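Secondary and tertiary structure notes
Now for the letters of each chain:
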Amino acid sequence: MKLPTAWALVATLCELSFASPTARATDWTTEKWDAIVVGAGTAGIIVADRMSEAGKKTLLLEIGGASYGITGGTEKPAWLSGTSISRVDVPGLYKSIFSGSDSLICPAGIVNSYQACAIGGNSAINAGLFFQPPASDWDNYHPAGWKNADVQSATKKLLSKQKSVTKYSRDGKYYLQTGYDAAREWIVNAAKFTNVSINDSPHNKYKVFGRPAYNYIDGQRGGPVRTHLQDALKRSNFKLQTGVRVKKINQIKGVASSVQATWNGKTVNVPLAVGGRVIVSTGAVASPGLLMHSGIGSRDDLTKLGSAGTPSANWVINSAVGEGLFDNPNTFLVLSSPKTKSYTQSYNSPVAADKDLYLKSRSGPYSFASQTSVFWSYVPNSDGSRTGVQGTIDSSGFGEYKGANTITMNIYGTSGLLSTGRVVLDDKFVPGPGPGVYYSHPRDGQNIAKFIHDIFQYLPSSTPQNPAKTGLTPLNIPRHATVDEIYKYITTYSDYAVGSVQHWSSSCRIGKCVDVDTKVIGTANIHVVDASIVAPLTVNPQFGIMVAAERAAERILAKWHKLL
């Protein structure tokens, strides 16, 4: 990670301005805007596009710079030289982001979590998994106005722009399939899960298995940068400005008048038009932090900021800001079999034939992110509720287990978990996750341990020293481990357990922190639209966050029009 001073230099060098060719060449810092959207990430791009589409003069501000090739992104390995794409565009380079990036990851001093600071936000660096949440996620965990029936229009709008694909390679073939075959033999044939096309049966997540769905477009990373942003950029009432760090919302007792930001080495205050709105979309860790810096949050948080925050006369006390922060607790289970062949995509030195296949036809192992299969189920609870569990199979081993025949299963706890934390400010007032996010309630770990123990019963008897001759052998958790032994393993920090998957959500929940129109409770014209408002989902959160952005735009615009 870069130091803040280095980041300032990079931001200056990478500062970009995007606007319609027909837009007037004026100073965006002094123009008055109907909607100022802070954060050009997964949700921010969508809500900004919809504001602009509805005729609102819209400014989208992003702290980072270019990412995809279409945005001017140039960070790439040598084998992509001479192409118009960047590392972001190549699905098979997904895992390489964890080895570092010169321009995509937030540096120290911005947020105390692993997060993208670039156009597209986390949708520019994640795997691109794109699973529609089951109806139960909306019906059981979201309030009236946000039930499954309420989000159908938003879901249709999203899918009209961004398709879900289960065939990733443009030559129509599936690659790296030995792990898929082994997982299907285990999970479907032995454990009796149902083999389904995941997004064709989105509402069934009990004992189902299938191929992952991704949001790729023609063999390259998709997402709102490729869809909504391109539409917005065609309009004269829309502007995207990068290299802008919004420090706070200028508000008096909940009425916002402008946002204060640093840009191009100076402090600017960008004004709202009469009746205008600020929409915060910087992510489930950063968005509560921005609200706190703006004088909106719990009394304790605002007091901690002291003179670095907003004068107390203008505070908006909302103790739900930052409360309920969630991430999926995960465990890596490494397995091996004589029939599985490990494959790791290489950033700098891909296999020549695989490199050529991707460059020539967007096909082969680099046309997807390396997850070959996915499965779900629920663990029932005594109170009638249920805990969701998801598993994905990756094409290679992990940690100290990287033999030629290894693959990795990643087990997540998902919906119905009871463990949550809170966004907290450190001694430099940088937001980050506080304690309690993972396994603070024992039921969560017990249920995930039960799930792992149950599916292990359908593996052949084995040990790493005496591996199964057919089928998979677990390497880091013994095949015959008890539920209690598994519980201890998954709840004890290691390279394989209690790791953060950075699926941050739920820190500004609807009905507690924001109202059903996503307006921060206690304010007049400040909204939050990102993962913060979404309750923990049964599936990877990207699809649900995008639906939430579409739904939020509908509700914001409906209320806005009523006020006119």
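Only a predicted model underlies this, so the values are computations on that prediction, with no experimental measurement involved.

What the protein contains, in helices and strands, is 12 helices and 21 strands. In summary, the protein has a C-alpha radius of gyration of 23 Å against a globular reference of 24 Å for 564 residues, a match within 12%. Considering only C-alpha atoms, the protein reaches an extent of 70 × 55 × 45 Å along its principal axes. Within the protein, buried positions represent 61% of all 564 residues. Considering only residue pairs separated by 6 or more positions, the protein has 71% of its internal contacts joining residues 24 or more positions apart.

Excluding glycine, most residues fall at negative phi; most peptide bonds, likewise, are trans. Positive phi is not limited to glycine here, since D218 has a value of about 55°. By the secondary structure assignment, D218 is in the loop between β5 (208-210) and α6 (228-232).

Turning our eyes to something else, we now look at the environment of L104. With respect to the helices and strands, L104 occurs in the loop between β3 (58-62) and α3 (135-141). Among the residues examined, L104 registers a relative accessible area of 2% and is labelled buried. Here the alpha-carbon distance between L104 and G64, two residues 40 residues apart in the chain, equals 7.3 Å. Sequence-distant contacts of L104, defined by excluding residues within four places in its chain, comprise A66, S67, E75, R87, V88, I97, Q115, A116, C117, A118 and I125.

Here the focus is the sheet that holds strand β17 (residues 421-425). Taking strand neighbours across the sheet as the criterion, the 3 strands line up as β12-β17-β18 in an open arrangement whose pairing is antiparallel. Because the sheet does not close on itself, it has two edges, and the strands there are β12 (323-325) and β18 (431-433). Between one strand axis and the next, the sheet turns through 55° on average, direction left out of account. Pairing of β17 with β18, which is carried by 3 bridges, proceeds in the antiparallel orientation. Paired with V423 across the bridge in β18 is P433.

Turning our attention to the nonpolar core. Among the nonpolar cores identified, the biggest contains 95 residues, and M51 and L291 are the most heavily contacted of them. In terms of residues, this core owes the most to one element, helix α12 (residues 542-563), which gives 11 residues. Once residues within four sequence positions are removed from consideration, L291 is found in contact with I249, V280, I296, V321, C508, V520, I526 and V528. Counting 33 residues, the second-largest nonpolar core is a separate cluster that includes V188, F451, I452 and I486.

By secondary structure assignment, the location of Q251 is in strand β7 (residues 244-252). Overall, the relative accessible area of 5% leaves Q251 in the buried class. Separated by 3.1 Å, the side chain of Q251 and the backbone oxygen of N314 make a polar contact. In contact with Q251, other than residues within four places in its own chain, are A256, S294, G295, I296, T310, N314, V316 and I526.

What follows is about the state of the cysteines. In total, this model carries 2 disulfides according to the counting rule given. The disulfide partner of C106 is C117, and the S-S distance across this bridge is 1.9 Å. Here the S-S torsion is close to 90°, and the disulfide linking C106 with C117 is therefore right-handed. Residue C106 is found in the loop between β3 and α3, and its partner C117 is found in the loop between β3 and α3; the two are separated by 11 residues along the sequence. In this model, C508 is linked to C513 through a disulfide, with the two sulfur atoms separated by 1.9 Å. Around the S-S axis, the bridge from C508 to C513 shows a dihedral of about -70° and counts as left-handed.

Interhelical geometry of helix α10 (residues 442-456) versus helix α11 (residues 483-490) gives an angle of 120° and a closest axis separation of 8 Å. Considering the angle they form, α10 stands oblique to α11. Crossing handedness for the pair α10 and α11: right-handed. Where α10 abuts α11, its residues P442, G445, Q446, I448, A449, K450, I452 and H453 lie against V483, I486, Y487 and I490.

As a further point, take the packing of aromatic side chains. Per the stated rule, a full pass over the model turns up 19 aromatic pairs. When the centroid spacing of 5.5 Å and the interplanar angle of 70° are considered together, the rings of W79 and Y366 count as edge-to-face. With W79 in the loop between β3 and α3 and Y366 in the loop between α9 (352-361) and β14 (371-380), this residue pair connects regions lying 287 residues apart in the sequence. Across the pair, Y366 and W79 agree in class, each one buried. Where Y180 meets F209, the ring centres are 5.7 Å apart and the plane angle is 40°; that geometry is what we call tilted.

On to α10. Helical geometry: 3.6 residues make up each α-helical turn, so side chains three or four residues apart lie on a common side. Its 15 residues give α10 an end-to-end C-alpha distance of 21 Å, which sits within 8% of 21 Å, the value for a rise of 1.5 Å per residue. Within α10 the residues assigned to the buried category are R443, D444, G445, N447, I448, A449, F451, I452, I455 and F456.

Moving on: the environment of R479. Examined against the element boundaries, R479 turns out to sit in the loop between β19 (473-474) and α11. Taking the C-alpha atoms as reference, R479 lies 19 Å from D495; in sequence the two are 16 residues apart. Those residues within four positions of R479 in sequence are excluded, and the remaining contacts are F456, Q457, L459, P460, S461, S462 and P474. Here P460 takes part through its backbone oxygen, which lies 3.5 Å from a polar atom of the side chain of R479.

This brings us to the side chain of H293. Within the fold, H293 resides in helix α7 (residues 286-293). Since its relative accessible area comes to 19%, H293 is described here as buried. Those residues in contact with H293, other than ones at most four positions away along the chain, are K247, K248, L305, A308, G309, T310, L425 and F429.

Taken as a whole and judged by the stated rule, the model has 18 salt bridges. The salt bridge involving E323 is made with R422; its shortest N-O contact spans 2.6 Å. Here E323, found in strand β12, pairs with R422, found in strand β17; they are 99 residues apart in sequence, far enough to count as distant. E323 sits in the partly exposed class, given a relative accessible area of 39%. One network of salt bridges, in which partners are shared, links D49, K161, D231, K234 and R235.

Tracing the backbone shows G39 in the loop between β2 (33-38) and α2 (42-53). A relative accessible area of 9% places G39 in the buried class. For the pair G39 and L60, spaced 21 residues apart in the sequence, the C-alpha separation amounts to 6.8 Å. Each residue touching G39, except ones within four places of it in the same chain, is listed here: G44, I45, L60, L61, E62, S281 and T282.

About the criteria used
Residues numbered from 1 in each chain as written. Predicted model: local features only at pLDDT ≥ 70, side-chain atom pairs only at ≥ 80, totals over all residues. Heavy atoms only, no water. Helix = DSSP H or I, 4+ residues; strand = E, 2+ residues; numbered from the N terminus. Rg over C-alpha atoms; globule rule 2.2 N^0.38 Å. Buried < 20%, exposed > 50% of the residue type's maximum accessible area, 1.4 Å probe, protein only. Contact = heavy atoms within 4.5 Å. Pairing = 2+ DSSP bridges. Axes fitted to C-alpha atoms, helices over the stretch in contact; angles between N-to-C directions. Core = buried A, V, L, I, M, F, W, Y, C linked by side-chain atoms within 4.5 Å. Polar contact = N/O pair within 3.5 Å; in protein donor to acceptor, adjacent residues only side chain to side chain. Disulfide = S-S within 2.5 Å. Parallel < 35°, antiparallel > 145°, perpendicular 65-115°, else oblique. Left-handed = near helix turned anticlockwise from the far one by under 90°. Phe/Tyr/Trp six-rings, centres within 6.5 Å; stacked < 30°, edge-to-face > 60°. Expected span 1.5 Å × (residues − 1). Salt bridge = Lys/Arg side-chain N within 4 Å of Asp/Glu carboxyl O.

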